[in-house]
Amino acid sequence: LHKSVKNMLDRAIRKQAARKEELAQSESSDRLRIYGELLQANLWAIQKGARSVNVNNYYDGKDVTIVAVGMMVQMALKAADILSAEGISARVLDFHTIKPLDQELLLAAAKETGAIVTTEEHNIIGGLGSAVAEFLSENCPVPVIRHGVNDQFGRSGKADQVLAAYGLTPEVLADKARQAIAKKG
């Protein structure tokens, strides 16, 4: 790796290790600990030059699978908590690598839960949702709901306000999961 990239990764790993220690000493939920470990593992893999297609499986839900990428993983974990309070069991998969798509895991999730929701923080056309829908339509037709930015012009503003304007929140994601479950045959 280029020296500047290596230095940046080293700083990020040190910062994440300090955050992980802080979380370990607090009474934070296991989900925060899991997300911190994910970031540290991914930074380590990048530093080592790994190009893994391994998907991180956070929850083994049985009612619906939420397939997330990027910052939407944290939203998916929060949505799973919302759904859990209602008695809905959501599987959460972090597809940190969209191409190549982990077809084996995706197929198993579709067969086991019977409903898929994808979530991404950009246009739903041509991204994770499209790749998942294309694959499953040919291999295991189940309801697939895509959550992300609809095909419209972008907005600028504070991050939390822009996310809310596009419905990129745990609450809207939980609604999408309920929609997918309702479409199951």
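Each remark here, short or long, concerns the structure printed above.
Residues numbered from 1 in each chain as written. Predicted model: local features only at pLDDT ≥ 70, side-chain atom pairs only at ≥ 80, totals over all residues. Heavy atoms only, no water.

Next up on the list: the side chain of H147. With respect to the helices and strands, H147 occurs in strand β5 (residues 144–149). For H147, the contacting residues outside a window of four places in its chain are M72, V117, T118, T119, E120, I124, G167, L168, T169, V172, L173 and K176. (Helix = DSSP H or I, 4+ residues; strand = E, 2+ residues; numbered from the N terminus. Contact = heavy atoms within 4.5 Å.)

Attention now goes to unusual backbone geometry. With an omega of 5°, the peptide bond between K99 and P100 qualifies as cis. With respect to the element layout, P100 can be found in the loop between β3 (90–94) and α4 (103–113).

What follows covers the nonpolar core. Residues V64, I66, L83, V92, V117 and L173 are the most contacted members of the largest nonpolar core, which totals 28 residues. The set of elements that each furnish at least two residues to this core consists of β1 (56–59), β2 (64–68), α3 (72–85), β3, β5, α6 (159–165) and α7 (170–182). In terms of residue count, the dominant contributor to this core is α3 (eight residues). Judged by nonpolar contacts, the second largest core, of 15 residues, contains L93, A109, F135 and V142. (Core = buried A, V, L, I, M, F, W, Y, C linked by side-chain atoms within 4.5 Å. Buried < 20%, exposed > 50% of the residue type's maximum accessible area, 1.4 Å probe, protein only.)

This paragraph deals with the pattern of salt bridges. Applying the stated criterion to the full structure yields four salt bridges. Linking E112 and R91 is a salt bridge whose minimum nitrogen-to-oxygen distance equals 2.8 Å. Of this pair, E112 sits in helix α4 while R91 sits in strand β3, and the two are 21 residues apart along the sequence. D175 is the partner of R178 in a salt bridge, and the nearest nitrogen-oxygen pair spans 2.3 Å. (Salt bridge = Lys/Arg side-chain N within 4 Å of Asp/Glu carboxyl O.)

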